[in-house]
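# Notes for the structure review
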Amino acid sequence: MQICPTETRYAQKVRRIPAPDFYVVYVGKDNIPMEHELRLSDAFHRMTPASLELVVKVKNCTNPELLPISGNCGILKEYCRFVEIVESTYSRSFPKSSFRRAIEKAMKEGVLRDYLSRKSREVINMLCAKYDYKMDIAVKQKEAFADGMEKGKLDAARNLIKMNVLSPEQIAQGTGLPVETVRELAEEHDI
């Protein structure tokens, strides 16, 4: 389907196009809702009037039978089955050969057969680049440390606010929090 025909590319009038939908198919092991939304703006330091918003619908396919969309989307069901096959054949010692075995097994089962027959090399490369155990652990540890530090700063600021002996600027300087954050915390405590 061509969204914008060649002859209309230079037209001055706005051409109406279909609204895009963005999805993430979650097949991990964490217990997350069957369906929820992620917003790009949640990652922004602050919103501005010119900020772009993107809403992505997350579909938890850890059990595709429980997800209504799997009943009418064969490709999604096959993708979820392919992930199961990859996980069951994965070998940390020989990742590339285990991915090849997964692709062969999937094709024998008729799972994503057409796509995998054309794109098996790209799928193997993507799977090899996809996951780095050491990096995963390091990132999670760094995030947990940062979260702990932030919580500690917020707790310290709340305690100092309750004591009511320092100004928001002094609390900000002592905790390393922005003055705006300290003022917001003070408003929560009606100080």
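Look up a bit, the structure's there.
Residues numbered from 1 in each chain as written. Predicted model: local features only at pLDDT ≥ 70, side-chain atom pairs only at ≥ 80, totals over all residues. Heavy atoms only, no water.

### Considerations on unusual backbone geometry
The backbone phi angle of Leu112 is positive, close to 50 degrees, even though this residue is not glycine. Structurally, Leu112 is set in the loop between α3 (95-109) and α4 (113-130). Look at Leu112 and you get buried, because its relative accessible area is 13%. (Helix = DSSP H or I, 4+ residues; strand = E, 2+ residues; numbered from the N terminus. Buried < 20%, exposed > 50% of the residue type's maximum accessible area, 1.4 Å probe, protein only.)

### Here's the deal with the sheet that holds strand β3 (residues 55-60)
Working definition: the strands of a sheet are paired by backbone hydrogen bonds and lie parallel or antiparallel to each other. Read from one edge of the open sheet, three strands run β1-β3-β2, paired in mixed fashion. Unpaired on one side and paired on the other, β1 (22-26) and β2 (35-39) mark the two borders of the sheet. Each neighbouring strand pair of the sheet contributes to a mean axis angle of 30 degrees, computed without reference to strand direction. Where β2 meets β3, five bridges bridge the pair, whose relative direction is antiparallel. Looking at the pairing, Leu38 lines up with Val56 of β3. (Pairing = 2+ DSSP bridges. Axes fitted to C-alpha atoms, helices over the stretch in contact; angles between N-to-C directions.)

### Comments concerning the pairing of β3
Across five bridges, the pairing between β1 and β3 is parallel. Each residue of the ladder has a partner; that of Phe22, found in β3, is Val56.

### What to know about the environment of Pro178
Along the chain, Pro178 falls in the loop between α6 (168-175) and α7 (179-188). With relative accessibility at 40%, the residue Pro178 sits in the partly exposed group. Pro178 sits 10 residues away from Pro168 along the chain, and the two C-alpha atoms are 9.4 Å apart.

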